[in-house]
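Here is what each chain is made of, one letter per residue.
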Amino acid sequence: MTAHDRARPPTDPLSSGAVTRPIQIVPSVLPADFARLGDEVAALEAAGVDHIQWDVMDGQFVPNLTFGPDVIRAARAHCSVPFEAHLMVHTPDVLAAEFIAAGCSRLIVHVEACPHLHRTLGNITSLGATAAVALNPATPASAVEHVLDLVDMVLVMTVNPGFGGQTYIASMERKIAEVRRMIDDRGLTDAVDLEVDGGIGPSTIAGAVAAGANVLIAGSALYKDPDGLEHAVSDLRARAEAARNR
Ligand code: DX5
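Quantities reported herein were computed from a predicted structural model and do not represent experimental measurements.

Draft legend 1. Representation of the packing of aromatic side chains in the model. All chains considered together, the criterion is met by 3 aromatic pairs. Ring plane angle 55 degrees and centroid distance 5.0 Å describe the contact between F34 and F67, whose orientation is recorded as tilted. One end of the pair, F34, is in the loop between strand 1 (24-27) and helix 2 (37-46); the other, F67, is in the loop between strand 2 (52-57) and helix 3 (69-76), and 33 residues separate them in sequence. Relative to F83, the ring of W54 lies with its centre 5.5 Å away and its plane at 70 degrees, an arrangement referred to as edge-to-face. Taken together, the residues span a long stretch of sequence, with W54 in strand 2 and F83 in strand 3 (residues 83-88) at a distance of 29 residues. Note on accessibility: W54 and F83 belong to one class, buried. Ring pairs connect the aromatic residues F34, W54, F67 and F83, which therefore count as one cluster.

Draft legend 2. Molecular detail of the site of the ligand. Around the ligand, 16 residues are found, and the nearest of them are G162, D197, G199, G219 and S220. For the ligand, an oxygen atom lies 2.8 Å from a polar atom in the side chain of D55. G199 has a polar backbone atom sitting 2.8 Å from an oxygen atom of the ligand. Relative to its unbound accessible surface of 370 Å², the ligand loses 99% to contact with the protein. A per-class count over the shell around the ligand returns 6 nonpolar, 8 polar and 2 charged.

Draft legend 3. Looking closely at the nonpolar core. In terms of nonpolar packing, the biggest core is built from 78 residues, with I52, W54 and L216 touching the most fellow members. If you tally residues by element for this core, the top one is helix 9 (residues 229-244), at 6 residues. If we skip the residues at most four places from it in the chain, I52 touches V26, P27, V29, V41, L44, C79, V81, P82, F83 and E84. If you look at the next biggest cluster of nonpolar residues, it comprises 10 residues, including V26, A132, M153 and L155.

Draft legend 4. Representation of the pattern of salt bridges within the structure. Applying the stated criterion across every chain, the model contains 12 salt bridges. When the shortest N-O distance is used, the salt bridge between E40 and R36 registers 3.4 Å. Between D50 and R237 there is a salt bridge, with its nearest N and O atoms 3.0 Å apart. With D50 in the loop between helix 2 and strand 2 and R237 in helix 9, the pair connects residues that are 187 residues apart, well separated along the chain. Exposure remark for D50: the relative accessible area of 29% places this residue in the partly exposed category. A relative accessible area of 21% means that R237 is categorised as partly exposed. Because the salt bridges share partners, they merge into one network encompassing R21, E84, R106, D152 and D193.

Draft legend 5. Molecular detail of the confidence of the model for the protein. With 92% of its residues at a pLDDT of 70 or more, the protein shows a mean pLDDT of 93. A low-confidence stretch, residues 6-19 (pLDDT under 50), is modelled with 17 contacts involving residues beyond four sequence positions or located in other chains.

Draft legend 6. Focus on the sheet that holds strand 8 (residues 215-218). Overall, parallel pairing links the 8 strands, which are arranged 1-8-7-6-5-4-3-2 in an open sheet. Looking at strand neighbours, the two that pair on one side only are strand 1 and strand 2, the edges of this open sheet. Mean inter-strand twist for the sheet, computed between neighbouring axes without regard to direction, equals 25 degrees. Two strands pair when backbone bridges link them, and strand 1 and strand 8 are joined in this way by 4 bridges, in the parallel orientation. Within strand 8, the residue paired with Q24 across the bridge is V215. Strand contacts of helix 3: strand 2, strand 3 and strand 4 (104-110), with the helix running at about 160 degrees to strand 2, the strand carrying the most contacts.

What counts and how
Residues numbered from 1 in each chain as written. Predicted model: local features only at pLDDT ≥ 70, side-chain atom pairs only at ≥ 80, totals over all residues. Heavy atoms only, no water. Phe/Tyr/Trp six-rings, centres within 6.5 Å; stacked < 30°, edge-to-face > 60°. Helix = DSSP H or I, 4+ residues; strand = E, 2+ residues; numbered from the N terminus. Buried < 20%, exposed > 50% of the residue type's maximum accessible area, 1.4 Å probe, protein only. Near = heavy atom within 4 Å. Polar contact = N/O pair within 3.5 Å; in protein donor to acceptor, adjacent residues only side chain to side chain. Areas by Shrake-Rupley, 256 points an atom, 1.4 Å probe, with all protein chains shown as cover. Nonpolar A, V, L, I, M, F, W, Y, C, P; charged D, E, K, R; others polar. Core = buried A, V, L, I, M, F, W, Y, C linked by side-chain atoms within 4.5 Å. Contact = heavy atoms within 4.5 Å. Salt bridge = Lys/Arg side-chain N within 4 Å of Asp/Glu carboxyl O. pLDDT = per-residue confidence, 0-100. Pairing = 2+ DSSP bridges. Axes fitted to C-alpha atoms, helices over the stretch in contact; angles between N-to-C directions.

Right, here's the structure in full:
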């Protein structure tokens, strides 16, 4: 059984062909006030986000250290939207069960940290979470070619991981388009999301969506908006929908 057999309901038999996955605006908690994370995730839910991404960093795979499972567990009780953990860590196999127990329903592991990626993804699914795979900017799309049946999402990093507030790497749009073609060519359009993370904001989101992304991670763009989180989320969503319908 692949991840898709379990993770996705059958598409509407009356639909004309593959269903395009919906646009999702997903915040990175990185810019939030770490002294008030319960209030912060409640505010993100109230602002209309689809789910919340925790940027988990171990100080080894990336030069920064952030959240462990206990922090996520504490925040879990303060909102009801799904949590995903972006595991920017050297040992995802060791940590996976702890982040699922803390309340994450999706785990994103990096190709670059998984010598046995096929096994790692299968383990995550067997633990009851959905599995996703991330590609750093220099890693080719072909690295996920043989695991698309094991994931419900591919994350194309549009910055080098480790910090928020970085500049969007526009040249990644070629890779986004390449991953989009891989997903569509295998008939997985209605089963596998394509997420991008890094430098997503009002001036970059259209390019990422036009290239094929449907899940957009935003951190600093949400918290910088002078009109607040709700405006930021709805503005990014409108821009993404407009880019898709162009
Ligand atoms: C990098 C992080 C950031 C963050 C989003 O490791 O994953 O990409 O989530 O940061 P912004 O939206 O500020 O670029």
